Amino acid sequence: MPDDSCPWKNDIGDVLLTEGQIRQRVQELAAEVSADYAGQHLVLVVALKGAVVFAADLMRALQVPLCLDFVAASSYGSGTVSSGEVRVGYETCGDLKGRHVLVVEDIVDSGRTLSVLVASLRSRGAASVKTCCLLDKPSRRAVDFRPEYVGFEIPDHFVVGYGLDYAERYRSLPFVAVLRPEAYQ
Ligand code: PRP
């Protein structure tokens, strides 16, 4: 449970992933990615906004040279269930022809956001486009999509923290926790 210093302690239910668990898994993911891309130069495309915290930790543990860029895609608005419509705002502007792209995402739910993003990045001539997601909810998949790198598979709870929000709140929590229904009902 979050302690009394947590600004949202009354909204937070079970902590699914502690700071320590996340830290250890991010190091493991970084080692895996570094080994797979050894000798290559990576373009890390971070999906705003949720993946910012994960990406900041992941990139500092990567052992391959990389460029950093961002993409904005949004499907939730202020609800807890995906709207089903993926809106792509800002798109990375660098030349991706022949580059190896790794999209960093906080969570895969229906899979729609990453399907759209990957297709968009591939259409720009990237040599490869793979995805690295901290959290995966495979039980919620609506389209056929499987990320290459996954931190944790989680059950179908609405979770916040470590970048993940509800109505733009809770992103700064250092752990991943279930949001109490009273906080959004
Ligand atoms: C969340 C999350 C993923 C997407 C996953 O983004 O960051 O991008 O939803 O859902 P999907 O697999 O059903 O498409 P959100 O729209 O909440 O934007 P945010 O990252 O700015 O919070």
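Note that the structure is a prediction, hence the values are computed from the model and not measured. (Residues numbered from 1 in each chain as written. Predicted model: local features only at pLDDT ≥ 70, side-chain atom pairs only at ≥ 80, totals over all residues. Heavy atoms only, no water.)

**Thoughts on the sheet that holds strand β7 (residues 149–153)**
Here is step 1 of the chain: Strand order in the open sheet formed by six strands is β4-β3-β2-β5-β6-β7, and the pairing between neighbours is mixed. Sheet topology places β4 (87–88) and β7 at the edges, where each strand pairs with a single neighbour.
Here is step 2 of the chain: Bridge analysis of strand β5 (residues 100–108) against strand β6 (residues 128–136) gives eight bridges, and the strand direction is parallel. Following the sheet pairing, valine 104 is matched in β6 by cysteine 132. (Pairing = 2+ DSSP bridges. Helix = DSSP H or I, 4+ residues; strand = E, 2+ residues; numbered from the N terminus.)

**Brief notes about the nonpolar core**
Here is step 1 of the chain: Counting residues in each nonpolar core, the largest one holds 31 residues, and the members touching the most others are Leu42, Phe54, Leu58, Leu102, Leu135 and Val159.
Here is step 2 of the chain: Secondary structure elements with two or more residues in this core: α1 (19–36), β2 (42–48), α2 (52–61), β5, β6, β7 and β9 (176–179).
Here is step 3 of the chain: Sort the elements by how many residues they give to this core and α1 lands first, with five residues.
Here is step 4 of the chain: Among residues more than four places away in sequence, those in contact with phenylalanine 54 are Val26, Leu29, Val104, Glu105, Cys132, Cys133, Leu134 and Tyr162.
Here is step 5 of the chain: Val45, Ala47, Val103 and Cys133 belong to the second largest nonpolar core, which has 18 residues in total. (Core = buried A, V, L, I, M, F, W, Y, C linked by side-chain atoms within 4.5 Å. Buried < 20%, exposed > 50% of the residue type's maximum accessible area, 1.4 Å probe, protein only. Contact = heavy atoms within 4.5 Å.)

**Considerations on α1**
Here is step 1 of the chain: The terminal C-alpha atoms of α1 lie 26 Å apart, and with 18 residues this matches the ideal 26 Å at 1.5 Å per residue to within 8%.
Here is step 2 of the chain: All of the buried residues in α1 are Ile22, Arg25, Val26, Leu29, Ala30, Val33 and Ser34. (Expected span 1.5 Å × (residues − 1).)

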